[in-house]
Amino acid sequence: MEAGSRLPTKWPVLGMIPGFVSRLHWRESTWCFHDWTTEVLREIWLHLLLKGPWCSGMDILGTSDPANIRYIFNANFANYPKGGQFLEIFDILGDGIFNADSDSWKTQRKVANSRMPRFWRFVARVSREKVEKVLIPLLARAAEHAAVVDLQDVFLRFTFDTTCNLVFGVDPGCLSPDLPSVPFANALDDAEEVLFFRQAVPMGWWKLLRWLQVGEEKKMVLASETICNFITGRISERMDEVAKVRQDKEVPMRLEVQLDAGRKRHLSTRQVDPVVFGADDLSSAIYLEAALFESLRLFPPVPFEHNGAARPDVLPSGHKVDPKAKIVIPLYVMARVEGIWGKDCCDDWKLKHEPLYKFLSFNSGPRICLGKDMAFTQLKVVAANLLHKFHITVVKGHVEVPSLSIILHMKHGLRVNVEKRV
Ligand code: HEM
């Protein structure tokens, strides 16, 4: 394949790594790393073979070819496990489902899958309540005071509160009116940026930094500590509560009374504001769904997928892969390739079904995201209610730059003005 003009120069010994790393540092410009990879892949049509330094084991095949993706995620799924390299990079996730392969993955997926309907009901109820009691009042106050709101920060807090409620049974109140600082959420952001860095440089490099505990890896140490402290704190609180409940003989009756009070409260809130949409009200909101799908296509929350091959193989595009190479699928880029989505790939949306190996935002094949319906329900409840009650506009001059992280978010948040609809 001919090297395109935007491709980094291939140096003896160092390969393309100097040019690649320098692109990582164009952070402040709107011409960000994602845009650069989009231009490169457009120019050389779907595939990019990035040569890492000599003997570094960091050759990367970037592909956005739907035929390859279908092959890797579906047809020859067994040959493309997460693999040892992935496990080392994502060590912070332990041996949970995201890192697991083979039998351990199968067992964890089965267990998680069986819990999803219950989780879905919980998240649907809690999301509606939180929208009504916290999110709408918060934006109404901002509208009254003509205050600028960082909508990305608000949504992160919303998700964080509902997720903690689901996982630990407690709402940490990150969305309370004073918007308290959330060290755990900041630590997660830091960890996600370090995980991106680890994927972008040779393994020996980040391991050396980790050993020396400097730079990005120092950031990871601090982030891991904060994350561990938060999780162990919530678990021990929960265990204390459970122990208390076990000792208390009157609990069954009390619980019943509490549940009944909860039900009544729920009924009474419905009476207070009947114009707050819940999951059931939105089940046939197909235009809203299409708009959300389109946003997730253009701005995939997981902007890259990363795989390795267990055995040497040849992809449908003819590219050879060997077990030492990394295969990277750039989702952000895929959404902007005309050959995949047509001429209007960047600025139009259509109401039609597309195969999941083209729309990869929730992954595809046997490892498809288990929380897709849950996430979608939450997105619909939040979007429908806010759009119904408020007119929201991005602050003039706000610069939108994606951060370099394994999760796509805006480096400077999303500053908006909010007005109540009349
Ligand atoms: C907009 C929100 C979400 C997006 C875009 C999303 C996207 C994804 C993606 C891309 C993967 C594949 C990751 C990989 O292995 O490389 C994944 C896996 C997964 N997701 Fe989600 N996800 C979302 C929300 C959720 C929620 C709310 C849950 C559950 C509570 C969830 C549960 C999972 C699980 C368990 C897996 C692992 C599946 C497996 O490896 O078998 N996700 N998700």
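Because the structure is predicted, anything quoted here is derived from the model rather than measured.

Chemist: I'd like a rundown of the coordination of the iron atom of the ligand, residues and numbers included.
Modeler: Four donors placed tetrahedrally about a metal ideally form angles of 109.5 degrees, and six donors placed octahedrally ideally form angles of 90 or 180 degrees. Of all protein atoms, Cys-369 (SG) alone acts as a donor to the iron atom of the ligand, lying 2.3 Å away. Among the structural elements, Cys-369 can be located in the loop between helix H13 (338-341) and helix H14 (372-389).

Chemist: Explain the pairing of strand S4 (residues 304-308) to me, using residue names and the numbers behind them.
Modeler: Summarising burial for S4: five of the five residues are buried, a large majority. Pairing geometry for S4 and strand S7 (residues 326-330), over five bridges, is antiparallel. Following the sheet pairing, Gly-308 is matched in S7 by Lys-326.

Chemist: Any chance you could break down the packing of aromatic side chains for me, citing the residues and the numbers?
Modeler: Across all of its chains, the model carries 13 aromatic pairs by this definition. The interplanar angle of 80 degrees and the centroid separation of 5.4 Å between the aromatic rings of Phe-293 and Phe-359 together place this pair among those described as edge-to-face. Taken together, the positions of Phe-293 in helix H11 (residues 286-298) and Phe-359 in the loop between H13 and H14 put the pair 66 residues apart, joining distant regions of the chain. A relative accessible area of 27% means that Phe-293 is categorised as partly exposed. Seen from their ring centres, Phe-362 and Phe-376 are 6.3 Å apart, and the 55 degrees between their planes marks the pair as tilted. You can see Phe-362 sitting in the loop between H13 and H14 and its partner Phe-376 sitting in helix H14, a full 14 residues away along the chain. For the pair shown, Phe-362 and Phe-376 are each scored as buried. Directly above the aromatic system of Trp-341 lies the positively charged group of Lys-358, at a separation of 4.6 Å from the ring centroid.

Chemist: How would you explain the site of the ligand if you had to name every residue and give the values?
Modeler: In the region of the ligand, 17 residues are neighbours, and Lys-82, Trp-105, Arg-109, Glu-305 and Cys-369 sit closest. The side chain of Glu-305 places a nitrogen or oxygen atom 2.6 Å from an oxygen atom of the ligand. Of the residues belonging to the shell around the ligand, the class tally is ten nonpolar, three polar and four charged.

Chemist: Quick one: what's the story with the UniProt feature "binding site: heme" (unreviewed entry) in the protein chain, residue by residue and with numbers?
Modeler: On the UniProt side, "binding site: heme" (unreviewed entry) is annotated at positions that read Cys-369 here. Judged by its relative accessible area of 33%, Cys-369 falls in the partly exposed class. Those residues in contact with Cys-369, other than ones at most four positions away along the chain, are Phe-362 and Asn-363.

Chemist: Tell me about a nonpolar patch on the surface, and please be specific about residues and values.
Modeler: Taken together, Leu-208, Trp-211, Leu-212 and Val-214 make up a surface patch of nonpolar side chains, about 440 Å² in accessible area. Relative to the assigned elements, Leu-208 resides in helix H8 (residues 203-212).

Chemist: Let's hear about the pairing of strand S2 (residues 60-63): which residues, and what values?
Modeler: For a regular strand, the rule is simple: side chains alternate between the two faces of the sheet. The side-chain alternation of S2 yields two buried faces, one formed by Ile-60 and Gly-62 and the other by Leu-61 and Thr-63. When S2 meets S7, the two strands line up parallel, connected through three bridges. Looking at S7, one finds that Ile-60 is bridged to Lys-326.

Chemist: Which residues make up H8, and what values go with them?
Modeler: Within the span of H8, buried status applies to Met-203, Trp-206 and Leu-209. Buried residues of H8, seen end-on, are gathered within an arc of 135 degrees and therefore sit on one face of the element. Residues Gly-204 and Trp-211 are exposed on H8 and point more than 90 degrees away from its buried face. Where the residues of H8 are buried, they touch helix H4 (83-89), helix H7 (183-200) and helix H9 (215-247). Residue Gln-213 follows H8 closely and has a positive phi angle near 55 degrees.

Conventions used here
- Residues numbered from 1 in each chain as written.
- Predicted model: local features only at pLDDT ≥ 70, side-chain atom pairs only at ≥ 80, totals over all residues.
- Heavy atoms only, no water.
- Donors = N, O, S within 2.8 Å, 3.2 Å for Na, K, Ca; no water.
- Helix = DSSP H or I, 4+ residues; strand = E, 2+ residues; numbered from the N terminus.
- Buried < 20%, exposed > 50% of the residue type's maximum accessible area, 1.4 Å probe, protein only.
- Pairing = 2+ DSSP bridges.
- Phe/Tyr/Trp six-rings, centres within 6.5 Å; stacked < 30°, edge-to-face > 60°.
- Lys NZ or Arg CZ within 6 Å of the ring centre and 35° of its normal.
- Near = heavy atom within 4 Å.
- Polar contact = N/O pair within 3.5 Å; in protein donor to acceptor, adjacent residues only side chain to side chain.
- Nonpolar A, V, L, I, M, F, W, Y, C, P; charged D, E, K, R; others polar.
- UniProt positions renumbered as here; feature names shortened; annotations may be inferred.
- Contact = heavy atoms within 4.5 Å.
- Patch = residues over 30% accessible without salt bridge, like charges linked within 9 Å, V, L, I, M, F, W, Y side chains within 5 Å.
- Areas by Shrake-Rupley, 256 points an atom, 1.4 Å probe, with all protein chains shown as cover.
- Salt bridge = Lys/Arg side-chain N within 4 Å of Asp/Glu carboxyl O.
- Arc of directions from axis to C-beta.

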